[in-house]
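# Structure at a glance
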Amino acid sequence: MIKRNLFIGGEWIEPEFYQDLYSPFTNEKIAEVPLATIREVDAALESAHNIKRLFKKMPAHKRADILENVVNLIEENREECARLIAMEAAKPIQIARGEVTRTMMTYKFASEEARRMPNEFINMDAAPGGENRVAYTIREPAGVVAAITPFNFPMNLVAHKVGPAIASGNPVVLKPASQTPLSAYFIAELFDKAGLPKGMLNVITGKGSVVGEALVTDSRTSVVTFTGSAEVGIAMRNKAGLKKMTLELGSNSAIIIDEGVNLAEIVDRIVTGCFAFQGQVCISVQRIYVHESIKKDLLKKMKARLEEYILGDPLDDATEMSAMISPEDKDRVLSWIHEAVEEGANVIAGGESEGTMIQPTIVDNVHSKMKVSCEEIFGPVVTVTSFKEWQEAIDYVNDSEYGLQAGVYTENLKRAFYASEELEVGGVMINDFPSFRLDHMPYGGVKKSGMGRAGIKYAIEEMTEMKLVTFKK
């Protein structure tokens, strides 16, 4: 069994209290992790605050080298990283290995961006009064970054917050999700080995009402970067005051599939987008809008693929889908399915549980106000609805409080451009599912899906302040 301590000021500090951590798949105890108090949160913030001036002066090439060292250390411990993710999150091991690969790429991008901070020369004589002046802008670290991460990508979403913070010279206090702290603590070990100055990265675990509240409201925090539910994110925004904030919140991502699309070529991709990691992905496919002429064929092909789907132990290489993150989440998803059926929906496949797992589920005959459609289900459930006219499909997608990413499959270039302009989302994936993401691209949403952008270059902009310098000759 694993036992972890708090990581504060570059030291492993024994906490006042521990809490037990259980496997989502077996319900067996797998670790004891810290349950931080306000006093310990204060120590972490003070550690980060005390080093911010010193770290600001560290040359970019040294920050880049530290991040590159972390990439190499993850490579050396690749399988251990994957097994930690699979064990604490019930993420199938093959998908966990993919996350580890992405994590290395994320820190690699952070290392590269550290060497090319976006400073800019300003042509002052473009305006009257600017003659005989030289000016430029520089990006300076904003200060202590409070990074609050979710369970679904416990290593890579940590990298998306810690990587750009370190690259741009900001100290970090990291609060990983309560169910998935082990990979975060392991990354802290690797940063320590990589030569990161003590106090630059602090990792604390505990209740959101204690740790998260303190990180968001404390005056020593300059930046809050949070991934989680819309309700929690909005509450944080209301308490944060003038802090810089990046919020990646909820979604009920949709795909539009036009007439004439070759379903045989895309059905595996779509099924993956719907059910990878039990649908517990912010840009998981939750809503499919398919042209009425091919809806029956799509359902037939998706159902056939699900008959081969392998559910089981996340540490088994053959497993494609495993347990929900908690019994409460499993019960919630099942209740939404049953509620939809009571309101007239049809379950085409799945709809039941197997132990701690939920069968991959397809639902049709839904309306836009059913929870399985209008709220973020964060489970292995997808709704399928037909449309006749292209504008109808666009309107269906936009009829949502969320707007993270959307996918569009069409052979019609005019319709593709129209969708790219009219869809109310942060990213439109033409001829792909909305779950597509590369770790250097801008990523974020509109409406209740949040504010600000992730993606290393864009996250650095969110974590830095622009300063203008002018010289009069």
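Residues numbered from 1 in each chain as written. Predicted model: local features only at pLDDT ≥ 70, side-chain atom pairs only at ≥ 80, totals over all residues. Heavy atoms only, no water.

## A look at the overall build of the protein chain
In terms of regular secondary structure, the protein chain is built from 15 helices and 25 strands. A compact globule built from 473 residues should have a C-alpha radius of gyration of about 23 Å, and the protein chain, at 23 Å, falls within 12% of that. Across its three principal directions, the C-alpha atoms of the protein chain cover 70 × 65 × 40 Å. The burial tally for the protein chain puts 56% of its 473 residues in the buried class. Across the protein chain, every contact between residues at least 6 apart in sequence was considered, and the portion connecting residues at least 24 apart equals 72%. For the protein chain, the accessible area works out to roughly 19,400 Å², and carbon and sulfur atoms hold 51% of it. (Helix = DSSP H or I, 4+ residues; strand = E, 2+ residues; numbered from the N terminus. Rg over C-alpha atoms; globule rule 2.2 N^0.38 Å. Buried < 20%, exposed > 50% of the residue type's maximum accessible area, 1.4 Å probe, protein only. Contact = heavy atoms within 4.5 Å. Areas by Shrake-Rupley, 256 points an atom, 1.4 Å probe, with all protein chains shown as cover.)

## Description of the state of the cysteines
Counted according to the given criterion, the structure contains zero disulfides. No disulfide involves Cys 374; its sulfur sits 18 Å from the nearest other cysteine sulfur, which is in Cys 282. (Disulfide = S-S within 2.5 Å.)

## Description of unusual backbone geometry
A positive phi angle is found at Asn 365, which is not glycine, with a value near 60 degrees. By the secondary structure assignment, Asn 365 is in the loop between strand E18 (361-364) and helix H12 (371-374). Residue Asn 365 is classed as partly exposed on the basis of its relative accessible area, which comes to 46%. The backbone phi angle of Lys 447 is positive, close to 55 degrees, even though this residue is not glycine.

## Thoughts on the sheet that holds strand E5 (residues 29-34)
Strands sit in the order E1-E5-E4 across an open sheet of three strands; the sheet is mixed. With one partner strand each, in any of the chains shown, strand E1 (2-3) and strand E4 (18-22) form the two edges of the open sheet. Pairing of E4 with E5, which is carried by five bridges, proceeds in the antiparallel orientation. For Tyr 18, the partnering residue across the bridge sits in E5 and is Pro 34. (Pairing = 2+ DSSP bridges.)

## Quick word on the pattern of salt bridges
Counted according to the given criterion, the structure contains 34 salt bridges. For Lys 91, the salt bridge goes to Glu 99, with nearest N and O atoms at 2.7 Å. Just as Lys 91 is buried, Glu 99 falls in that class too. (Salt bridge = Lys/Arg side-chain N within 4 Å of Asp/Glu carboxyl O.)

## Some words on the sheet that holds E18
One open sheet holds the seven strands; their spatial order is E15-E18-E19-E14-E13-E21-E22, and the pairing between them is mixed. A single partner strand is all that each edge strand has here, and the edge strands are strand E15 (346-349) and strand E22 (427-430). The mean inter-strand angle of the sheet, taken between neighbouring strand axes irrespective of direction, is 25 degrees. Pairing analysis gives four bridges linking strand E13 (residues 254-257) to strand E14 (residues 287-291), with the strands arranged parallel. Bridged to Ile 257 within E14 is Val 290. The strands touched by helix H10 (residues 295-306) within the sheet are E13, E14, E15, E18 and strand E19 (381-387), with E18 carrying the most contacts at an inclination of about 160 degrees. (Axes fitted to C-alpha atoms, helices over the stretch in contact; angles between N-to-C directions.)

## A closer look at helix H8 (residues 230-239)
Since one α-helical turn is 3.6 residues long, residues separated by three or four positions face the same way. Those residues of H8 that fall on the buried side of the exposure criterion are Ala 230, Gly 233 and Met 236. All buried residues of H8 project into a common sector of 125 degrees when viewed along the axis, lining one side. Exposed positions of H8 whose direction lies more than 90 degrees from the buried face are Glu 231 and Asn 238. Those residues of H8 that are buried lie in contact with strand E8 (144-148), helix H7 (208-217), strand E11 (221-227), strand E12 (244-248) and strand E20 (402-403). Positive backbone phi, approximately 70 degrees, marks Gly 241, located one or two places after H8. (Arc of directions from axis to C-beta.)

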